[in-house]
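Tertiary structure, described
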Amino acid sequence: MTVASHPNGGVNSLYRDGRTLVNMSGITKNFPGTRALKGVNLEVQAGEIHALVGENGAGKSTLIKILAGIYPASQYEGEIRIGGKLERFRGIHDAEAAGVGVVHQELSLVPDLSVAENIFLGRIPQNRGIVRWNEMLQSTREWLSKVGLHIDPETPVSRLGIAQQQLVEIAKALSHRAQILVLDEPTSALTGAESETLFSILRDLAAQGAGIIYISHRLVEVFDLSDRITVLRDGMNVATEETKMLDQSSIVRMMVGREMSQLFPAARNHFGEVVFAAQNVSLPPRVRDVSFSVRRGEVLGIAGLMGAGRSELLMAMFGASEIRPSGQVLVEGRQADIRSPRDAIKHGIAFVTEDRRRFGLVLGDSILHNLTLPALRQISNQSLTSEPNEMALGDTVVRDLQIKASSLLTAVGALSGGNQQKVVLGKWLMTKPKVLFLDEPTRGIDVGAKEEFYRRIDELAKHGLAIVLVSSELEEIMGLSDRILVLHQGAIVKEFSRAGATSDKIMACAIGHPELA
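Keep in mind it's a predicted model, so treat the numbers as computed, not measured.

**As for the overall build of the chain**
- Scanning the chain from N- to C-terminus turns up 17 helices and 24 strands.
- What you see for the chain is a C-alpha radius of gyration of 24 Å, in line with the 24 Å of a compact globule of 517 residues.
- Overall, the C-alpha framework of the chain stretches about 70 × 55 × 55 Å when taken along its three principal axes.
- Relative to its full complement of 517 residues, the chain shows a buried share of 53%.
- Considering only intrachain contacts with a sequence separation of at least 6, the fraction spanning at least 24 residues in the chain is 65%.
- With the model as given, the accessible surface of the chain reaches about 23300 Å², and the carbon-plus-sulfur share is 49%.
- Taken together, the 56 basic and 59 acidic charged side chains of the chain have centroids lying 3 Å from each other.

**Some remarks on the nonpolar core**
- Core analysis: the biggest nonpolar cluster contains 74 residues, and Phe 276, Phe 292 and Phe 437 have the highest contact counts within it.
- Non-local contacts of Phe 292, meaning those with residues more than four positions away in its chain, are made with Phe 276, Ala 277, Ala 278, Leu 300, Leu 313, Met 317, Val 468 and Leu 485.
- Core analysis: the next-biggest nonpolar cluster, separate from the first, contains 34 residues, Val 115, Ala 116, Leu 205 and Ala 206 among them.

**Examining the environment of Glu 55**
- Summarising the element assignment, Glu 55 is placed in the loop between strand 3 (49-53) and helix 1 (60-67).
- As for Glu 55 and Val 447, which are separated by 392 residues in sequence, their C-alpha atoms are 6.7 Å apart.
- Dropping the residues within four chain positions of it, Glu 55 is found in contact with Lys 60, Leu 232, Met 255, Val 256, Asp 446, Gly 448 and Ala 449.

**Remarks on empty space enclosed by the protein**
- Scanning the entire structure with this criterion turns up two cavities of 30 Å³ or more.
- Estimates place the volume of the largest cavity at around 60 Å³.
- Contributing to the lining of the largest cavity are Glu 185, Ser 188, His 217, Arg 218, Thr 442, Arg 443, Gly 444, Ile 445, Lys 450 and Glu 473.
- Class assignment for the residues of the lining of the largest cavity results in one nonpolar, four polar and five charged.
- For the second largest cavity, the full set of lining residues is Arg 218, Glu 440, Thr 442, Arg 443, Ser 472 and Glu 473.
- Classifying every residue of the lining of the second largest cavity by side-chain character gives no nonpolar, two polar and four charged.

**What about the pairing of strand 15 (residues 299-303)?**
- Taken across its five residues, strand 15 has five buried, putting it largely inside the fold.
- Along strand 15, one buried face is formed by Val 299, Gly 301 and Ala 303 and the opposite face, lined by Leu 300 and Ile 302, is buried too.
- Sheet analysis places strand 15 next to strand 22 (residues 466-470), joined by four bridges and oriented parallel. The residue of strand 22 that forms the bridge with Val 299 is Ile 467.

**Things to note about the sheet that holds strand 2 (residues 34-45)**
- Sheet architecture is open: four strands sit in the order 2-1-4-5, paired in antiparallel fashion. Two strands close off the open sheet at either side, each with one partner strand: strand 2 and strand 5 (85-87). On average, adjacent strands in this sheet sit at an angle of 25 degrees to one another, irrespective of strand direction.
- Pairing analysis gives three bridges linking strand 4 (residues 77-82) to strand 5, with the strands arranged antiparallel. Paired with Ile 80 across the bridge in strand 5 is Glu 87.

**Quick word on the side chain of Glu 298**
- Relative to the helices and strands, Glu 298 is located in the loop between strand 14 (287-295) and strand 15.
- Under the relative-accessibility criterion, Glu 298 is labelled buried at 0%.
- A polar contact is formed between the side chain of Glu 298 and the side chain of Arg 483, at a distance of 2.6 Å.

How each quantity is defined
Residues numbered from 1 in each chain as written. Predicted model: local features only at pLDDT ≥ 70, side-chain atom pairs only at ≥ 80, totals over all residues. Heavy atoms only, no water. Helix = DSSP H or I, 4+ residues; strand = E, 2+ residues; numbered from the N terminus. Rg over C-alpha atoms; globule rule 2.2 N^0.38 Å. Buried < 20%, exposed > 50% of the residue type's maximum accessible area, 1.4 Å probe, protein only. Contact = heavy atoms within 4.5 Å. Areas by Shrake-Rupley, 256 points an atom, 1.4 Å probe, with all protein chains shown as cover. Lys, Arg positive; Asp, Glu negative; His and termini not counted. Charge placed at Lys NZ, Arg CZ, Asp CG, Glu CD. Core = buried A, V, L, I, M, F, W, Y, C linked by side-chain atoms within 4.5 Å. 1 Å grid on protein atoms, 1.4 Å probe; cavity = no way out; pocket = protein on both sides within 12 Å on 5 of 7 lines; lining within 4 Å. Points joined across faces, edges and corners; volume = space filled by probe spheres on them. Nonpolar A, V, L, I, M, F, W, Y, C, P; charged D, E, K, R; others polar. Pairing = 2+ DSSP bridges. Axes fitted to C-alpha atoms, helices over the stretch in contact; angles between N-to-C directions. Polar contact = N/O pair within 3.5 Å; in protein donor to acceptor, adjacent residues only side chain to side chain.

As structure tokens, this is what we get:
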């Protein structure tokens, strides 16, 4: 089969062989008190990269969990046909046997096992109880080669980077002979170069006849990669169209049900005195002699490539590094001795980390307890927590940030990504900080939730909060920041005003060529 690329970068629909690999029709799924999906349809053809987009809570994850067998056929209405055959999956193994492979946003590899053991987990080849190691290792090499990953199959997964782990997950799915590959936010932790490598692999797989369902909040990726796009809103189909017939503004309008004429707030012009300053902060080899200040009411953006030391810088100044950095931190002109996050909080510093599920939340606990965790002193009488005070404070934050949940006692792990991020922000605002560190605050949330966050960041700045923002999205950095610092290999190489920054200038500095900016 000949495959050609269309202008959007995906696999041209004119060259698909016309076979329907997946046909989900009339899918309806209810949870207690809510209908998550209402008669949703999704069709994917052989050789097609089909994007599935929508706001958090639109029903994307629920639909994919049904296709993956996580929710068995007894728990939903509608039909799934794979290659024309009606399927009623009882569980994940049934879906895998039918050729469905899913790479979830939260990777499911076992860190202490080898790559080969992860790929063949639960089906390790044996002969009378003896593992056929040579056969397993050779098969692993073959599957890894299909995704362009040439590593020792006996390498523990814990030694791999996120990008390599992502490719191992894809190889694992393919080893189940998957003809239908689902990827949920696969580039959320990848660099631009790593993402391009992944895109090349996905195009090759589609060219070989696989059907790929691609879920992403990054619309640039969706347009670069996909052949068709299905939009969900409030658990229902809004549209399925050829990618070349759409543009980003039309997708946003369909996702959120309204026009978004101006995503970023207008420039702010009035700032107060310096609230936070870093002087010669170093944490070799990731942070090298960094100095800067941020004023009351100002958003200071920090740009740079992944690995440039942006997150490490914030972690060091927040007292969250294993090794104490050299240099000084000043809050309102006074030196702050910060040896731990507790010290940072006492000095009025709050930190929304880039990994909310690992560092920002207790997923199994309630919204209420997550919100009030850093502010227990405010709601306690001596050593006892005042439940009425806690409930009142939590309810205020939920209303203020418009956190969507049935109850304050809902487990945080059950919320959408955007609502989880609101809980993280809310808990830190409870501490009444003077300085707010934001590290990739909109990672993994949809465009509607991003708009809310941008508005909230602007409001916080206008109310006098000093904000330090790290983001990998250049549009976000340029649209929110009053000044922008660019880091390269742990050091500041350039500072830009909001008016003077362009994506080309920032990228030139990020790759180590400030003379070109």
